[in-house]
Amino acid sequence: MGQFVDLDGQVFYRISEYEEMSPFLMSVPSDTDLWMFLASGGGLAAGRVDADGSLFPYETVDRLHNGHHFTGPCTVLLIEPGGIGDTVRWEPFAEAGKEDPSIERAIYKNTTGNQVIFEELHRGLAMGFRYRWAASDDLGWVRTATLTNSGDQARQIRVMDGLRNLLPHGAPLALYQQASNLVDAYKRTEIDDASGLGIFSLTSAISDKAEAGEMLRANVVWSLGLENPRYHLSLGALADFRAGRVVSGERDLRGARGNYLVSSRISLDANTSTRWHLIADSALDHVEVSTLRGRIVK
């Protein structure tokens, strides 16, 4: 069930069929102030410095094990098998996949301990999907997704990939854990048209005092590698995509939990793969957001 393997020039320990094991928790350390706690089901808490700098709700272990249902990575693929027949929907790491004998799953962690990879192979479709979490001091947490077509026919694929239930910066941990609906009312999520940068902020500091209070930092997410992407902020877009309906892009979401979802079309030749990235960081001020935007646009 477990063995050391070489992958992308590194040595990883691979655990196959991990979904048959009892849920377990991993830490993904870094040599900076970035931290991550990651459940084997995919639920996670991650951020910078401490719990108040979290990108996702900072939860106890039992809640992290269930968190993959509504927090963190989510991928939906609509695949046309050889351009013939009905479109096939594949959701890597979904609960339904546990009962599918054509699906194989594995978790990898490198010997240094600072990278974790989730992998799902769909033998029926002759395709594979893998994503990796790794820390970058300069950029934040980087999730790299790789989609592989190991069949002998080209595939046309619609993909929606992203992160759910992202937090704005500045919501105190205790308040979020005790009154999450109140925090939701102060949330604002917006997309910068030029860069595709998602900005997660509070409309004001949360206070019961009759005084103005600005929150001058934000969490951010952006993507790289998907052609002609469209950006979506609500889970309604995810439901429409699953149903095969046309999904419009979104620029602004207020008073609700924020998500960063990217949709695109991919043409994947036989025995080839494609790769894209989602990058998330915490507590950027106005100057840092503007600088990051400029780097993305170039």
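Residues numbered from 1 in each chain as written. Predicted model: local features only at pLDDT ≥ 70, side-chain atom pairs only at ≥ 80, totals over all residues. Heavy atoms only, no water.

Q: How would you sum up the overall build of the chain? Please name residues and give values.
A: Looking only at helices and strands, the chain features five helices and 19 strands. Expected size for 298 residues packed as a compact globule is a radius of gyration near 19 Å; at 19 Å, the chain falls within 12% of this value. Dimensions of the chain along its principal axes, counting C-alpha atoms only, are 65 × 40 × 35 Å. Within the span of the chain, comprising 298 residues, buried residues form 49% of the whole. Sequence-distant contacts in the chain: of pairs separated by 6 or more residues, those separated by 24 or more amount to 62%. With an accessible surface of roughly 14,300 Å², the chain has 48% of that area assigned to carbon and sulfur atoms. Here the chain holds 29 positive side-chain charges and 39 negative ones, and the gap between their average locations is 3 Å. (Helix = DSSP H or I, 4+ residues; strand = E, 2+ residues; numbered from the N terminus. Rg over C-alpha atoms; globule rule 2.2 N^0.38 Å. Buried < 20%, exposed > 50% of the residue type's maximum accessible area, 1.4 Å probe, protein only. Contact = heavy atoms within 4.5 Å. Areas by Shrake-Rupley, 256 points an atom, 1.4 Å probe, with all protein chains shown as cover. Lys, Arg positive; Asp, Glu negative; His and termini not counted. Charge placed at Lys NZ, Arg CZ, Asp CG, Glu CD.)

Q: Describe helix α5 (residues 286-297), and please don't skip the residues or the numbers.
A: Across its twelve residues, α5 extends 17 Å between first and last C-alpha, which sits within 8% of the 16 Å expected from 1.5 Å per residue. All of the buried residues along α5 are V289, L292 and I296. Burial along α5 is one-sided: seen end-on, the buried residues are contained in an arc of 65°. For α5, exposure combined with an orientation more than 90 degrees from the buried face picks out H286 and V287. For α5, the elements touching its buried residues are β14 (198-202), β15 (218-224) and β19 (272-284). You can read the cap of α5 off the contacts: a side-chain oxygen lies 3.2 Å from the backbone nitrogen of V287, and it is on D285. (Expected span 1.5 Å × (residues − 1). Arc of directions from axis to C-beta. Polar contact = N/O pair within 3.5 Å; in protein donor to acceptor, adjacent residues only side chain to side chain.)

Q: Describe the environment of L166, naming the residues involved and giving the relevant values.
A: Looking at the secondary structure, you find L166 in strand β12 (residues 155-166). Along the chain, L166 and N259 lie 93 residues apart, while their C-alpha atoms are 5.8 Å from each other. Setting aside its immediate chain neighbours within four residues, L166 contacts L55, F56, F200, V221, G258, N259 and Y260.

Q: Account for the sheet that holds strand β3 (residues 25-27), naming residues and giving values.
A: What the three strands build is an open sheet, ordered β3-β4-β5; its pairing is antiparallel. The sheet is open, and its two edges are formed by β3 and β5 (44-48), each paired on a single side. Averaged over all pairs of adjacent strands, the angle between their axes in this sheet comes to 10°, without regard to strand direction. In the sheet, strand β4 (residues 34-39) pairs with β5 via five bridges, with the strands oriented antiparallel. (Pairing = 2+ DSSP bridges. Axes fitted to C-alpha atoms, helices over the stretch in contact; angles between N-to-C directions.)

Q: Tell me what's going on with the nonpolar core, and back it up with residues and numbers.
A: Ranked by size, the top nonpolar core spans 57 residues in total, and within it L38, W90, F118, L147 and Y260 carry the most contacts. Looking at this core element by element, the count peaks at five residues for β19. Contact partners of F118, with chain neighbours within four places excluded, come to Y18, M26, L38, A39, S40, G42, F93, A106, I107, F129, R130 and Y131. Core analysis: the second largest hydrophobic core is formed by nine residues, V76, M160, A237 and L261 among them. (Core = buried A, V, L, I, M, F, W, Y, C linked by side-chain atoms within 4.5 Å.)

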